[in-house]
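Residue-level structural notes
In case you want the letters, here they are:
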Amino acid sequence: MSQDVQRVGQVDTMALRVHGIRERMARACARAGRDPAEVTLLPVSKTFDDLAIREAVAMGFRRFGENKTQEIAQKAPLLKDCNVQWVVIGHLQTNKAKDVARLAHELQSLDRLELAEALDRRLQSEGRSIDVLVQVKTSPEESKSGLEGPELVNFLRQLTRFDTLRVQGLMTMAVLSDDEQAVRGCFAQLRMLRDMARQEAIQGITLDRLSMGMSGDFELAIEEGSTEIRIGSAIFGSRPRM
Ligand SMILES: *Cc1c(COP(=O)(O)O)cnc(C)c1O
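The text that follows walks through the structure, step by step, so that each part is easy to find. Note that this is a predicted model, so its numbers are computed, not measured.

For the rest of this paragraph, the subject is the pattern of salt bridges. This model, assessed by the stated rule, comprises 21 salt bridges. Note that R112 and E114 form a salt bridge whose closest N and O atoms lie 3.6 Å from each other. Residue R112 is classed as partly exposed on the basis of its relative accessible area of 21%. Sharing partners across several salt bridges, the network here consists of R31, E180, R184, E223 and E224.

Below, the structure written as structure tokens:
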């Protein structure tokens with residue numbers, strides 16, 4: 001966070017932070033010769049309360065990233081008047097498919113067939129469909145979940161049979177590292193996997209969206225082709241350790 005943001009009083013801090021992020025997004029786009037309109041800012045509200053979300057809603061945000069369905073279930077009733085669209089970004093156990101089908105507008109962490117099957121079943125009975133991104137593992141860290149790159153094309157082919165899942169693109173989390181080249185490499189890998197998958201011309205799947213980049217690495221992600229950055233702490237402040 002920049003010094004001048006910290007010096008400003010509490011009242012309009014979030015607005016200033018968002019403004020600062022938008023400026024950095026614009027500069028990253030300029031460096032990469034990209035149109036800033038191609039990159040969406042998704043606020044990640046996990047661990048932050050309904051009042052923080054309201055503040056962001058007042059600035060025009062409607063979609064919010066959360067990593068736990070239990071948290072969405074708690075916050076949604078408090079924000080009924082805000083028309084929030086919940087975007088699930090965290091690793092999901094299959095038994096949470098029901099909650100996703102009921103509560104979420106979009107899922108960015110689809111990483112296995114078992115989960116797709118469970119989601120489809122639940123969505124059918126809700127009479128709904130949702131946008132999904134396939135999460136790909138681009139980092140060697142054990143803690144990062146996601147489909148392995150070589151499995152991607154086959155997995156995408158299998159997804160075409162689920163009418164309730166609108167496959168929009170791919171998502172990844174880069175390695176947590178100070179090594180800029182290593183982080184950039186994760187983002188470049190996702191984009192390359194996307195380009196390769198596109199060549200397969202899988203029916204109905206164009207993979208226009210690449211969700212990559214967080215508070216600590218979003219500029220690199222934009223330079224490597226991100227269409228959506230998922231920003232938590234740089235908007236809402238630091239999270240308590242969980
Ligand atoms: C928490 C989280 C983010 C946002 O992280 P920040 O570093 O706070 O911006 C983005 N993506 C995923 C998958 C997350 O779990």
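Around the ligand lies a shell formed by V44, K46, I89, M173, M214, S215, R230, I231, G232, S233 and R239. In the model, an oxygen atom of the ligand is placed 2.5 Å from a nitrogen or oxygen of the S215 side chain. Between an oxygen atom of the ligand and a main-chain N or O atom of G232, the distance comes to 2.8 Å. Contact with the protein chains hides 91% of the accessible area of the ligand, taken as 390 Å² for the molecule alone. Assessed atom by atom at 2 Å from the grid points, the ligand resides in the largest pocket. Here the shell around the ligand is built from residues that sort into 5 nonpolar, 3 polar and 3 charged.

Quick look at the side chain of K137 now. The residue K137 is located in strand 5 (residues 130-137) in this model. Buried K137, no salt bridge; nearest opposite-charge side chain is E148, N-O distance 5.1 Å. Polar side-chain contacts of K137 include one of 3.1 Å to the backbone oxygen of S139. In this structure the side chain of K137 is engaged in a polar contact, spanning 2.7 Å, whose partner is the backbone oxygen of E141. Once you skip the residues sitting within four places of it in the chain, K137 turns out to touch E142, K144, S145, G146, L147, E148, T172 and Q189.

Turning our attention to the pairing of strand 7 (residues 165-171). The side chains of a regular strand alternate between both faces of the sheet. Counted residue by residue, strand 7 has 5 buried out of 7 residues, so it is predominantly covered. As defined by bridge partners, strand 5 adjoins strand 7 across 6 bridges and the pair is classed as parallel. Bridging from a neighbouring strand, Q135 pairs with M171 of strand 7. Relative to strand 8 (residues 209-211), strand 7 runs parallel, the two sharing 3 bridges. Residue pairing across strands places M171 opposite S211, the latter belonging to strand 8. You can see the chain leave strand 7, run along helix 8 (residues 180-199) and come back into strand 8, and the turn it takes is right-handed.

With that settled, consider the layout of surface pockets. Put simply, the largest pocket is a space of about 820 Å³. Around the largest pocket, the lining is made up of 29 residues, and of these K144, M173, L176, M214 and R239 lie nearest the centre. Of all elements in the fold, only helix 8 and strand 9 (228-231) reach the threshold of two or more residues within the lining of the largest pocket. Considered class by class, the residues forming the lining of the largest pocket number 11 nonpolar, 11 polar and 7 charged.

A positive phi angle is found at T47, which is not glycine, with a value near 75°. On the secondary structure map, T47 appears in the loop between strand 1 (40-43) and helix 3 (50-58). According to the relative accessible area criterion, T47 is partly exposed, its value standing at 27%. Of note in the backbone geometry, L207 takes a positive phi value of approximately 55° without being a glycine. Within the element layout of this structure, L207 appears in the loop between helix 8 and strand 8. When its relative accessible area of 1% is taken as the criterion, L207 is described as buried.

Moving on to helix 7 (residues 152-159). For helix 7, the set of buried residues is L152, F155, L156 and L159. Along the long axis of helix 7, the arc covered by the buried residues comes to 100°, so they all point the same way. Summarising the contacts, the buried residues of helix 7 are in contact with strand 4 (106-110), helix 6 (113-126), strand 5, strand 6 (147-148), strand 7 and helix 8.

Scoring rules and cut-offs
- Residues numbered from 1 in each chain as written.
- Predicted model: local features only at pLDDT ≥ 70, side-chain atom pairs only at ≥ 80, totals over all residues.
- Heavy atoms only, no water.
- Salt bridge = Lys/Arg side-chain N within 4 Å of Asp/Glu carboxyl O.
- Buried < 20%, exposed > 50% of the residue type's maximum accessible area, 1.4 Å probe, protein only.
- Near = heavy atom within 4 Å.
- Polar contact = N/O pair within 3.5 Å; in protein donor to acceptor, adjacent residues only side chain to side chain.
- Areas by Shrake-Rupley, 256 points an atom, 1.4 Å probe, with all protein chains shown as cover.
- 1 Å grid on protein atoms, 1.4 Å probe; cavity = no way out; pocket = protein on both sides within 12 Å on 5 of 7 lines; lining within 4 Å.
- Sits in = over half its atoms within 2 Å of the grid points.
- Nonpolar A, V, L, I, M, F, W, Y, C, P; charged D, E, K, R; others polar.
- Helix = DSSP H or I, 4+ residues; strand = E, 2+ residues; numbered from the N terminus.
- Lys, Arg positive; Asp, Glu negative; His and termini not counted.
- Contact = heavy atoms within 4.5 Å.
- Pairing = 2+ DSSP bridges.
- Right-handed = clockwise from strand over helix to strand, strands pointing away.
- Points joined across faces, edges and corners; volume = space filled by probe spheres on them.
- Arc of directions from axis to C-beta.

By themselves, these are just geometric observations and shouldn't be taken as functional.
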